[in-house]
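A look at the structure
Each chain, written out:
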Amino acid sequence: MAQVVVIGNIASDETLAVEAFPAPGASVAGEAISEALGGKGANQAIVMARALQGVAGVRLVAAIGQDRRGAKLRTDLEAEPLTADLIRRALPSDLSVILRDASRENAIITTQSCARSLTPQEAIAALGTAEVLVLQGNLRAETSLAVLQAAAAQGVLRVLNPSPVEGCSAEMLAHCDLLVVNEGEAAYFGGAEQLSAGKTLVRTLGAAGAELWREGRRIAAVPGRAAQVLDPTGAGDCFLGALVAAMLRRGARAVAASDLTLATWAAGICVSRLATQNAFPTAEEFRAAFAA
Ligand code: ATP
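The notes below deal with the structure included here. The structure displayed is predicted, hence computed values, not measured ones.

Here's the deal with the side chain of Glu 185
- In this fold, Glu 185 is placed in helix H7 (residues 183-188).
- With no salt bridge to any partner, buried Glu 185 finds its closest opposite charge in Lys 40, at an N-O distance of 5.8 Å.
- Every residue in contact with Glu 185, bar those within four places of it in the chain, is listed here: Asn 161, Pro 162, Ser 163, Val 165 and Val 180.

As for the packing of aromatic side chains
- Applying the stated criterion across every chain, the model contains three aromatic pairs.
- Relative to Phe 286, the ring of Trp 265 lies with its centre 5.6 Å away and its plane at 80 degrees, an arrangement referred to as edge-to-face. Placement of Trp 265 in helix H10 (residues 257-271) and of Phe 286 in helix H11 (residues 283-291) is noted, with a sequence separation of 21 residues between them.
- Connected via pairs of aromatic rings, a cluster forms that spans Trp 265, Phe 286 and Phe 290.

Quick word on helix H2 (residues 68-77)
- Turning to H2, its buried residues number three or more, namely Gly 70, Leu 73 and Leu 77. Projection of H2 onto a plane perpendicular to its axis shows the buried side chains occupying an angular sector of 65 degrees, all on one side.
- Check the buried side of H2 and you find it contacts strand S2 (11-18), strand S3 (30-38), helix H1 (40-52), strand S4 (56-65) and strand S5 (83-89).

Observations concerning the site of the ligand
- Around the ligand sit 16 residues in total, of which Asn 182, Thr 204, Gly 206, Gly 209 and Gly 236 are the nearest.
- Here an oxygen atom of the ligand and a backbone polar atom of Gly 209 are 2.8 Å apart.
- At 3.3 Å, a backbone N or O of Pro 232 approaches an oxygen atom of the ligand.
- Taking 630 Å² as the accessible area of the ligand by itself, protein coverage stands at 78%.
- At the level of secondary structure, the elements contributing two or more residues to the shell around the ligand comprise helix H9 (235-249) and H10.
- Looking at the shell around the ligand residue by residue, the classes come out as nine nonpolar, seven polar and no charged.

So, the nonpolar core
- Counting residues in hydrophobic clusters, the biggest one holds 55 residues, and the most contacted among them are Val 202, Phe 239, Leu 243 and Leu 260.
- The element best represented in this core is H9, accounting for 10 residues.
- When near neighbours in sequence (up to four residues on either side) are disregarded, Leu 260 contacts Val 202, Ala 210, Glu 211, Leu 212, Val 222, Phe 239, Leu 243 and Val 255.
- Counting 31 residues, the second largest nonpolar core, distinct from the first, contains Ala 130, Leu 133, Val 165 and Cys 176.

Quick notes on the sheet that holds strand S1 (residues 2-7)
- An order of S5-S4-S1-S8-S9-S10-S11-S12-S13 is seen for the nine strands of this open sheet, with the pairing classed as mixed. Among the strands making up the open sheet, the edge pair consists of S5 and strand S13 (217-222). Each neighbouring strand pair of the sheet contributes to a mean axis angle of 20 degrees, computed without reference to strand direction.
- Bridge analysis of strand S9 (residues 157-160) against strand S10 (residues 178-182) gives two bridges, and the strand direction is parallel. For Val 159, the partnering residue across the bridge sits in S10 and is Leu 178.
- Across the sheet, H1 lies against S1, S4 and strand S8 (132-135), angled at about 160 degrees from S4, the strand it touches most.
- Along the sheet face, helix H5 (residues 141-153) touches S1, S8 and S9 and points at about 165 degrees away from the line of S8.

Rules used in this analysis
Residues numbered from 1 in each chain as written. Predicted model: local features only at pLDDT ≥ 70, side-chain atom pairs only at ≥ 80, totals over all residues. Heavy atoms only, no water. Helix = DSSP H or I, 4+ residues; strand = E, 2+ residues; numbered from the N terminus. Buried < 20%, exposed > 50% of the residue type's maximum accessible area, 1.4 Å probe, protein only. Lys, Arg positive; Asp, Glu negative; His and termini not counted. Salt bridge = Lys/Arg side-chain N within 4 Å of Asp/Glu carboxyl O. Contact = heavy atoms within 4.5 Å. Phe/Tyr/Trp six-rings, centres within 6.5 Å; stacked < 30°, edge-to-face > 60°. Arc of directions from axis to C-beta. Near = heavy atom within 4 Å. Polar contact = N/O pair within 3.5 Å; in protein donor to acceptor, adjacent residues only side chain to side chain. Areas by Shrake-Rupley, 256 points an atom, 1.4 Å probe, with all protein chains shown as cover. Nonpolar A, V, L, I, M, F, W, Y, C, P; charged D, E, K, R; others polar. Core = buried A, V, L, I, M, F, W, Y, C linked by side-chain atoms within 4.5 Å. Pairing = 2+ DSSP bridges. Axes fitted to C-alpha atoms, helices over the stretch in contact; angles between N-to-C directions.

And the structure:
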């Protein structure tokens, strides 16, 4: 069975509803809405694990604190069909505070102490016998670059979602086989044409869907699809997880337009439901979609 490793972050997503975002120095009343498993690394691993159940193994490697939040994240992950290699740290578990105003606009504060504590040596050791590596931008760039280089030397297929962009360097991008970016990330790193030189690039376009680029040329475009839009949180992670899973289910090492179609279906489901982990398609929904 093929092995995918996601080396990234896991965080507690804590959502507070406020009428309006507080101005500097102000104190406003809010309502605690939810506390849920999150973090781009964990989200992408969960989607891939559900979509690949019985076909390929997915391992999540992430640092976590030995606190109440860490214990809850660990328990929440037990419900998912993946292997969790959670590295214990004497640090607070990573956390995203999501402020949601009356117009459903979000303002988000994310901590990265645990994710940034992962050393290059730990990340390289975590590769194990994986055939596919999936990274995001929450580790230190030095750690990400070291593991990308080690993965290249071992012939591991390298997938990078350079988000947040501050955690990524041009050198990191040059060391991957498949880049998955949204419009802002594509623009930040010089545009799709330039970014897809020598590699495959998938650019997501929100409601407009996604494009497949190779060697500086756009070779396919797939429209977005969603029955309704309730909550776009996690749509990008859901898209990436489903995209990589669809490629691996075909036994391929390069993305095809049909993989974008499956990924836009999965992300369309995600935006039509509230929350993140509970909004991703279930393993049963993925099985039915692949069977169809
Ligand atoms: P996020 O940060 O919200 O997780 P992102 O900025 O990384 O997302 P987007 O390009 O906004 O990525 O969305 C990823 C995918 O989710 C899109 O390619 C599309 O398939 C789906 N999607 C997002 N928003 C919508 C929408 N309003 N209607 C239909 N599909 C959507």
